[in-house]
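# Chain and residue survey
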Amino acid sequence: MIVYFAVLGVVFLELWMYTAEELSQLIKEKRIDQKKVIETYLKRIKMYDDTIRSFVQIKEDYKIQDGDFSENSFPVPFSLKDNIMALGFRTTCASKALWNYQATYDSTVNGKLKNADAILIGKNNMDEFAMGSSTENSAFFPTKNPWDFQRIPGGSSGGSAAAVAAGLIPFSLGSDTGGSVRLPASFCGVVGFKPTYGLVSRYGLVAFSSSMDQIGPICRSVRDAALITEKICGFDGYDSTCVKKRTSLISGIERNTKPLKCAVIKEYLDNTDHDIKSLFDDNLKLLKWAGIEFDTVSFEKHDSVLPVYHIISNSEASSNLARYDGVKYGLRIEENSIERMNMSSRNKGFGEEVKKRIISGVFSTSMTNYREYYLNAEKMRQKINIQLNEILKEYDVIISPTSPQKQYKMGETTDPMKYYLLDNHTVIANLCGFPAISIPMGFTGDLPQGLQIIGRKFEDSLVLNVARTVEKKIGVFEDGIYPFPHLEASVK
Amino acid sequence: MKYKTIIGLEIHAQLMTKSKMFCSCSSISSFNKPNTNICPICTGQPGVLPMLNEKAVELAVKASLALNCRINRFSSFDRKNYFYPDLPKGYQITQFFSPIAENGYAIINTGDRKKRIGIKRIHMEEDAGKMNHDYHGNVSDSKSRIDYNRSGMPLIEIVTEPDIDSPEEAYLFMETVRNILKYIKVCSGDLEKGALRCDANISLRHCESSEKTGRVEVKNVNSFRFVQKALEYEEERLKKLFLNGGHIFNETRGWNMELKSTFPLRKKESENDYRYFPEPDLPNVFVDEEYVEKIAMSMEELPESKLERFMYSYNMSYLDAKTYIEFPELADFFEECASKSGSFKAINNWILGEIQRYLKDSNKNLTDTSFSAVKLIQLIDKINTGIISNNIGKKILPELFVSDKSVSEIIAENKMEQITDEALLEKIFEAIIEENPEKYESYRYGKKGLLKFFIGELMKKTKGQSDPKIVREIVYRRLEEICESGK
């Protein structure tokens, strides 16, 4: 920390450039005013978000707490992906089906951040019901990549990543079902962390695929990721898949890792875009000099990962999304029978991608296909899990580029199979519940690219520790901050 | 042609937990105002998750033990997917692939013999809400309202083997299960409140060819007697249909109480596809032997064995013992008294006589009153030792229910001690004779029936506080003495 601030002393930083950790410290030490910080971000949102369109709701009548902050306070502004419940806000999931849904309760994560004096100022755009990898599937509008307005920010937490990347918010919480936190973080040049499944309560996260969904932070440093995750994790009486485990993530983050052994999956590199691959190789060289060991390993079941992921996630989604039937809340199209009202409401409420996935999920779970599809996918999931755990027995972490492809131009990809490939390197962490992080590793041309580190279940602190080590070693983290896009030039 | 009737039952029993199956809403079903006992979880708001009520598991295990089932160490929850407005999540959380218990049975008593009815499985699940339809003649004016108070109520479903041969047996089985569940305090058994509901499947089988007919499911019948009636009706209908060569389809039928007949609800040619798959939001339920043992130890005695124990230990008639099985509160009270005194017969007479009558008339539970086992024993003692008469005992009983005073205090306050002083009674008798000389003359001339009159008068004069035995003795002795002496 001390070294860090010394560096800050040299570089001139504007308020919005600080990490959440630094802002929290500065506010708590009364060196800057909390209100001023919030106003700064709100001003930037007004200035740039008409172009980037990362927010779907903004709250300017926020309430701040008077008096002193406690040791555990984290009094910074933040935003939530619009599939996480927060009282006082709508939760739309960027879907017409929930366009008017006013939150009826608080998610556990929002409750925890509220208790830590953090201030929620907005909700971020996303792919409808988190189904997608580009944020083009929002029923409202697509979000732009702050580094190139022609291109996608990744998804499904694209609004969160774009907002953090553009300096419109210090951090945001996204949800990651197949890479939805890590991919947009990678595409926008920020940090995105998916904790171990069960570390953070899912209560209040609108379910897509219950066995894989996990909430995670999108932020500007690995330290932030650790700090924020520590604030939101922990046992929750409202989520029975949430574990009872004491988690300390920030305390050991700076410690020198013992000689690290990292696995690089051969098949993943074979499938990766040439420019990204060479950027990744350059970084590996850098890390090798720093004493980190790498081995290329083979992951035989890699071909099954995406089909298994889609069968399971779509099956769960087909059931999770059944409640949007027009009866209780959300969009209702009046008809003269309940069945027709259900059908019309769902037909008008859901977008194409969502319908596609529901239909696929209904297919895989129907009586005649259940064994062949759902059950086989679950069996294969077990095998994948065994194989990856074998690799992780020998190696501390698995390292790969976060995305196999560069940021598409908006509307460019019409082939769904190609589109789904964006998740190719990230879904294993969801299928097996592993913790995984994406951190910026440099640029291909003007576009930032991310590096992914996957670790063993419940070894979140090791993953963060490795990520912090890598962060310090690789070139983009110059002067202690990741670069910002030059918005002033692009937005009039 | 001879046919055998095959009946299988599915009994839904609401568990007597404090809260609902997966949320902390109350599970007391007496919320009359719609949608006043609901929360985000039981109304299926976006983003909610179920939390399993551990008490529900305990009660399900209890029921499984009482119904002689094999309890599965691991069971799990699944989703049954279908659209219906009263089902807020679009799926019901139930146990499809691995239920909590399997392979049990219950013994029914058909009067002349006992029969074992197999239980295929018992599983836990959540209840749905309720739909209320206001129908105004045409569709556009009609409204349907949904009340989610019941949504998420904890249930067990008991599925029998098709071992039941007649509607009468079906009724006996339902009653047996109801008594058992009530007894072990798993289910209130309150049919009116829907705490116990039964769907019945009936089909016929040809005795020689074993050819089976389609299966008719009778649903939404709100009393066991009506289930029996509906099954009787169906049995006849199916037999006629079959004899006339008609084909019996699988279908679901309802019961019309006014017409005393069933009517079709929906044809079930192909089975509904509920797309069952494991509930990812809930971990497996693990029930180890130690846990089961603990529940078994703490379990209430089952009605069947209690009945026998009451008959043999307390020398009670079958009918009396049966009454106690039906009213566990009275049975507990009886046993409390029996542990304090050996006058089982008197205790039994009081409880099933005056006490039960008082409770029924005043519409009270025994525990709501000030009455106690100690009071009853005191009362019986006072009667046995002749301090008060049985009649006086009955007279002061109501006060014992409402006052905290002891039996002795009440007797003393009202000067109700029995007059056992024979000299005093004789003196009163003399006075009666003087008041009624003509009656006395008639007696003397042989109208012996007047003995009753004198006894009655003496009782009246002593306000019933005299021992009838002594009174009778005195009156008879004195009258005879007087006659003999020729006065």
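Residues numbered from 1 in each chain as written. Chains lettered and ligands numbered in written order. Predicted model: local features only at pLDDT ≥ 70, side-chain atom pairs only at ≥ 80, totals over all residues.

A few words now on the overall build of chain B. Counting secondary structure elements, chain B contains 15 helices and 16 strands. A compact globule built from 487 residues should have a C-alpha radius of gyration of about 23 Å, whereas chain B, at 31 Å, is more than 25% larger. Each principal axis of the C-alpha atoms in chain B carries an extent, and together these give about 100 × 55 × 55 Å. Restricting to contacts in chain B with at least 6 residues of sequence separation, those with at least 24 account for 70%. (Helix = DSSP H or I, 4+ residues; strand = E, 2+ residues; numbered from the N terminus. Rg over C-alpha atoms; globule rule 2.2 N^0.38 Å. Contact = placed C-beta atoms within 7 Å.)

Every contact between the two is made by 37 residues of chain A and, on the other side, 26 residues of chain B. Where the side of chain A that touches chain B is concerned, the elements lending two or more residues are helix 10 (302-320), helix 11 (338-349) and helix 12 (352-365) of chain A. At 3 residues, the largest contribution of residues to the side of chain A that touches chain B is made by helix 10 of chain A. Tallied by class, the residues present in the side of chain A that touches chain B amount to 16 nonpolar, 15 polar and 6 charged. (Nonpolar A, V, L, I, M, F, W, Y, C, P; charged D, E, K, R; others polar.)

Residue and element names in this part refer to chain B. End to end, helix 2 (residues 167-183) covers 24 Å across 17 residues, agreeing with the expected 24 Å (1.5 Å per residue, within 8%). Buried residues dominate helix 2, accounting for 14 of its 17 residues. Of the residues flanking the end of helix 2, it is Lys185, one or two places downstream, whose phi is positive at about 60°. (Expected span 1.5 Å × (residues − 1). Buried ≥ 20, exposed ≤ 12 C-beta atoms within 10 Å, placed from the backbone.)

Another aspect to go through is the nonpolar core. Among the nonpolar cores identified, the biggest contains 129 residues, and Val190 and Ile437 of chain A are the most heavily contacted of them. Beyond its immediate stretch of four places on either side in the chain, Val190 of chain A contacts Ala161, Val164, Ala165, Ala185, Ile218, Cys219, Arg220, Pro440 and Tyr482 of chain A. Formed by 76 residues, the second largest nonpolar core is a distinct cluster that contains Ile7, Cys25, Ala170 and Cys198 of chain B. (Core = buried A, V, L, I, M, F, W, Y, C linked by C-beta atoms within 7 Å.)

Residues and elements named next belong to chain B. Take Tyr233: it is sitting in helix 3 (residues 224-243). Judged by local crowding, Tyr233 falls into the buried class, with 20 C-beta atoms found within 10 Å. Considering only alpha carbons, one finds Tyr233 and Phe371, 138 residues apart in sequence, at a separation of 48 Å. Those residues in contact with Tyr233 that sit more than four places away from it in its chain are Ser261 and Thr262.

Moving on, we come to the packing of helix 10 of chain A against helix 13 (residues 371-394) of chain A. Residue and element names in this part refer to chain A. Across the interface, helix 10 lies against helix 13 with an axial gap of 9 Å and an inter-helix angle of 130°. With respect to helix 13, the axis of helix 10 lies oblique. Relative to helix 13, helix 10 is oriented so that their crossing is left-handed. Contacts between helix 10 and helix 13 involve Ser304, Val305, Val308, Ile311, Ile312 and Ser315 on the former and, on the latter, Tyr373, Tyr374, Ala377, Glu378, Met380, Arg381 and Ile384. Residue composition of the contact of helix 10 with helix 13, grouped by class: 9 nonpolar, 2 polar and 2 charged. (Axes fitted to C-alpha atoms, helices over the stretch in contact; angles between N-to-C directions. Parallel < 35°, antiparallel > 145°, perpendicular 65-115°, else oblique. Left-handed = near helix turned anticlockwise from the far one by under 90°.)

This next bit is on the sheet that holds strand 15 (residues 277-278) of chain B. Residues and elements named next belong to chain B. One open sheet holds the 3 strands; their spatial order is 5-4-15, and the pairing between them is antiparallel. The two strands at the open ends of the sheet, each matched to only one other strand, are strand 5 (91-94) and strand 15. When strand 4 (residues 78-81) meets strand 15, the two strands line up antiparallel, connected through 2 bridges. Within strand 15, the position partnered with Arg79 by the bridge is Phe277. (Pairing = 2+ DSSP bridges.)

With that settled, the discussion passes to the pairing of strand 12 (residues 216-221) of chain B. All names here are of chain B. In this structure, strand 11 (residues 196-206) lies alongside strand 12, joined through 4 bridges in antiparallel fashion. Bridged to Ile202 within strand 12 is Val216. Pairing of strand 12 with strand 13 (residues 251-256) involves 3 bridges; the strand directions are parallel. Residue pairing for strand 13: Glu217 is matched across the bridge by Thr252.

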